[in-house]
Protein chains: 4
Amino acid sequence: METDEATGHPTRGRPRSEKRKAAILAAAGDLMMEGGLKAATMEAIAARAGVGKATVYKWWPSRGAVALEGFMLRAADSWTLPENAPAEESLRVIAVAAVRLFTRSPAGPLMRALAADAQSDPEIAQALREQWLSPRRAVTAEVLREGMRRGELRADLDIPATIDLIFGPVYFRLLFGHEPLDEAFAERTVRQAMAGIGADGNSPVRAVAQTERSVQ
Amino acid sequence: METDEATGHPTRGRPRSEKRKAAILAAAGDLMMEGGLKAATMEAIAARAGVGKATVYKWWPSRGAVALEGFMLRAADSWTLPENAPAEESLRVIAVAAVRLFTRSPAGPLMRALAADAQSDPEIAQALREQWLSPRRAVTAEVLREGMRRGELRADLDIPATIDLIFGPVYFRLLFGHEPLDEAFAERTVRQAMAGIGADGNSPVRAVAQTERSVQ
Amino acid sequence: METDEATGHPTRGRPRSEKRKAAILAAAGDLMMEGGLKAATMEAIAARAGVGKATVYKWWPSRGAVALEGFMLRAADSWTLPENAPAEESLRVIAVAAVRLFTRSPAGPLMRALAADAQSDPEIAQALREQWLSPRRAVTAEVLREGMRRGELRADLDIPATIDLIFGPVYFRLLFGHEPLDEAFAERTVRQAMAGIGADGNSPVRAVAQTERSVQ
Amino acid sequence: METDEATGHPTRGRPRSEKRKAAILAAAGDLMMEGGLKAATMEAIAARAGVGKATVYKWWPSRGAVALEGFMLRAADSWTLPENAPAEESLRVIAVAAVRLFTRSPAGPLMRALAADAQSDPEIAQALREQWLSPRRAVTAEVLREGMRRGELRADLDIPATIDLIFGPVYFRLLFGHEPLDEAFAERTVRQAMAGIGADGNSPVRAVAQTERSVQ
DNA sequence: AGCTAATCGAGACGGTACGTCCTGTCTTATC
DNA sequence: GATAAGACAGGACGTACCGTCTCGATTAGCT
């Protein structure tokens, strides 16, 4: 007997076809990768999936929503953080995994399309933050807190700002394409963030910074 | 007598109206800020500017191009780098100026709209890189090189990656809105980038990093 | 035990629900009267009847068929021809009954909807002719024949044309609405048809007509 | 200089293309005749005319409106009433012209489509009455009045009812198709209406009818 | 002053995609 | 087996913009 996942009530009527759902998400993903954001119209998605437009609208409110779900499907990035590794190593793994996802899978173009949509569609923006960014930021925050606890990282880090120091450069290059996005860049970003770009500890700049920091 | 700027030949016929050009750019900017990317249709821009659509197409190839020019007009950010200041101070000024531009002027929404368009329009992407990012990156690179020369910054910096370390977090927050974009954040980003997020110099992590670096 | 009406064999499975049949016909009729032809979609009929769309399609091939049956149900016009009355009186009863049906019952709007459907659906058209027009024309033809036999009516009547002379004006007003459709109109139509609109018998026009007729 | 027909003001903008207008009306007419009412969708009309759908909607509010105008175009029935002819002859010409129009030109199917639309679209219904029926009824009324004046027709005719006596049978057959619609039928209708279907003047029925009439 | 030519407003036009609605078919579980 | 519920492919609806086009009106330099 069919039962509804959420409520447990027996379902009525014809159940949703998982096959079509997959076909729609695949079509959306393919189109976005082939022709960019512009090619992935709802009409084209439905046509390519061999599905009526109404079926698409039945389950997703907008193209962005389809894209998001298609993205999540294809972005099943299965990086596992090394156990008991130093913080720098974990951050490196995280940053490299992000770059690898964006460059070696369909996820890159999809993320670009999603980010574009998010600029004019608050719902997409929110979904992107909540469903994509948040979990990754949470993992990263945990790595940072653990590193702080173990004395590998400064004790006074601003955690959100530090996360952005790692991810910001990656998304910046993804979206603007002004410089190549590759794993070496991810590693360099983490290394520079860890060690600082300032000259060794005794520099006056650093002293100032430390002073200010202690004042806060 | 009217003369053509480029050729110096005397122009024939009615000259282009600078008043309309300004009106179009203003209308485009206003619409993007009011209703976001979606509201700024070519039709709406022309209507608001009190201008025929053909006039807009005569001078700009696409909505993105109008937006870019409107953006440049409003983003006349007049930050002046302090003379002979330490590198950290200069970077701070640069980062804070960017945040201030995006949060205290129309440029923020405009940049978001442009970045979105750039994801599907290569011409916009290129124009954005060449006309907006490049000059700012050039200035920043010069600051970095000067800091390296003066011994304030590490001698082995990857300059493009370092620029992204400063700007990346700012654009990341602008485009995704997951955390507030304010001047304090810009300052913290620069400070953490300078000093590094790792614990003081003698940490083993840092040593490893340095070792690796020397190996490269 | 349920048995099939036609064969007498015991039926298998759940027997057809007469209750639903009635509900469907009622819903169809109501909708056509409320919102006209446009409102009576199959979907709306099924929903209002509390019935699955498939159930409707199971028993009727098209909306027009449902409408027709609903119409027949509501158009149970129980006029009884007066016994041994003069032809004119019988025709008057027939015409007035038609007008009364169309104006004082739901049958008017239903007939309008059916006639509209019949213009593009040959099956509806045929059903309308066979199930609705034919029996009424047959009764009317009999009245005419009887009148001719009794010498009340001309002996050389073209019976179908004469029937149309009585009914045509009624349906014309029903479908075009250019003039009010009421019982007085029905009576006047019959009276004028009987007596002729020409001036009394000795007019030259009449003579010509008779001459021509005799030639045929 | 282009001027607006109605106001005489100089027109602004690109003037309406008469060529497309003709193409749209032609396409609509063709489709209605080929595939009946159902085939003439707005989409098909636009496609066949090689025109954008918006262009059709710009000038006509609905398919029915296009159909009406297309009908009027093709129904340029140029019957001329004979001068000083007897009323019966004039009515015969009128009725035969109607039948001829409906059977020998595209106007028949078009009128059927229009009449169908009119059942659910009050605007079509009104337009049909005002633009099509009214002028023809006016001409016919004039014929009747002239006939009454000359003593060829009864002096106490109900003019609208008499007009329906002539046209009603024709439209009845056109729309229901229960009997053939041909010129002989039109002639017979007029002849029977003129002479009356009752037996010659001395019939008791007629006497009754006359009595009643004189009472009114 | 008249001529020539480019720009301008207005807006008609062929298209494309939108998001909605209904059709007629189908696939479930229930009765 | 008949049903309700409702998912589904398909297709037309009427709308909004797109980018192009064709008008008359305007505004300059050139003759």
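By the naming in an unreviewed UniProt entry, chain A is Putative TetR family transcriptional regulator, taken from Actinacidiphila reveromycinica.

Draft legend 1. Region of interest: the relation of the copies chain D and chain C. Superposing chain D onto chain C requires a rotation of 180° together with a translation of 0.0 Å along the rotation axis, leaving an RMSD of 0.1 Å. In symmetry terms, the pair is related by a two-fold rotation axis. Across chain D, the rotation axis passes nearest the C-alpha of Gly 196 of chain D, at a separation of 1.6 Å.

Draft legend 2. Quick look at the protein's contact with DNA strand E. Taken together, 47 residues are adjacent to DNA strand E, and Tyr 57 of chain A, Lys 58 of chain B, Glu 43 and Lys 53 of chain C together with Lys 58 of chain D come closest. A share of 70% of the atoms of DNA strand E within 4 Å of the protein falls on sugar and phosphate groups. Separating a base oxygen of DNA strand E from a side-chain N or O atom of Lys 53 of chain C is a distance of 2.6 Å. At the level of elements, helix 2 (42-49) and helix 3 (53-59) of chain A, helix 3 (53-59) of chain B, helix 2 (42-49) and helix 3 (53-59) of chain C together with helix 3 (53-59) of chain D are the ones that each hand at least two residues to the surface near DNA strand E. Of all the elements, helix 3 of chain D adds the most residues to the surface near DNA strand E, at 4 residues.

Draft legend 3. Structural view of the interface of chain A and chain B. With 59 residues of chain A at the interface, the matching set in chain B holds 59 residues. Carbon and sulfur atoms make up 59% of the area that chain A and chain B hide from each other, which totals about 5600 Å². It is Gln 119, Phe 176 and Ile 197 of chain A that lose the most area in chain A upon contact with chain B, and together they represent 15% of the buried surface on that side. In this structure, Asp 164 of chain A engages Arg 173 of chain B in a salt bridge whose closest nitrogen and oxygen atoms are separated by 2.4 Å. In this assembly, chain A and chain B are joined by 24 residue pairs in polar contact (both at pLDDT 80 or more). Contributions of two or more residues to the side of chain A that touches chain B are made by helix 1 (18-39), helix 5 (87-104), helix 6 (107-118), helix 7 (122-149), helix 8 (159-176), helix 9 (183-195) and helix 10 (204-215) of chain A. Take the side of chain A that touches chain B: its biggest share by element is 13 residues, from helix 8 of chain A.

Draft legend 4. Structural context of the confidence of the model for chain A. Residues and elements named next belong to chain A. Mean pLDDT over chain A: 86, with 87% of residues reaching 70 or higher. By mean pLDDT, the top-scoring element of chain A is helix 8 (98), and the lowest-scoring one is helix 10 (38). Counted against residues more than four places away or in other chains, residues 201-216, with its pLDDT under 50, gives 19 contacts.

Draft legend 5. Here's a closer look at the packing of aromatic side chains. If you walk through the whole model with that rule in mind, you get 24 aromatic pairs over all chains. An aromatic cluster is present here, built from Phe 102, Phe 167 and Tyr 171 of chain A together with Phe 172 and Phe 176 of chain B joined pairwise through their rings. Over the aromatic face of Trp 59 of chain B sits the side chain of Lys 58 of chain B, whose NZ or CZ is 5.4 Å from the ring centroid. Over the ring of Phe 185 of chain D we find Arg 173 of chain D, and its NZ or CZ is 3.6 Å from the ring centre.

What counts as what
Residues numbered from 1 in each chain as written. Chains lettered and ligands numbered in written order. Predicted model: local features only at pLDDT ≥ 70, side-chain atom pairs only at ≥ 80, totals over all residues. Heavy atoms only, no water. Least-squares fit on C-alpha atoms with pLDDT ≥ 70 in both. Near = heavy atom within 4 Å. Polar contact = N/O pair within 3.5 Å; in protein donor to acceptor, adjacent residues only side chain to side chain. Helix = DSSP H or I, 4+ residues; strand = E, 2+ residues; numbered from the N terminus. Contact = heavy atoms within 4.5 Å. Buried area = accessible area lost by both parts, 1.4 Å probe. Salt bridge = Lys/Arg side-chain N within 4 Å of Asp/Glu carboxyl O. pLDDT = per-residue confidence, 0-100. Phe/Tyr/Trp six-rings, centres within 6.5 Å; stacked < 30°, edge-to-face > 60°. Lys NZ or Arg CZ within 6 Å of the ring centre and 35° of its normal.

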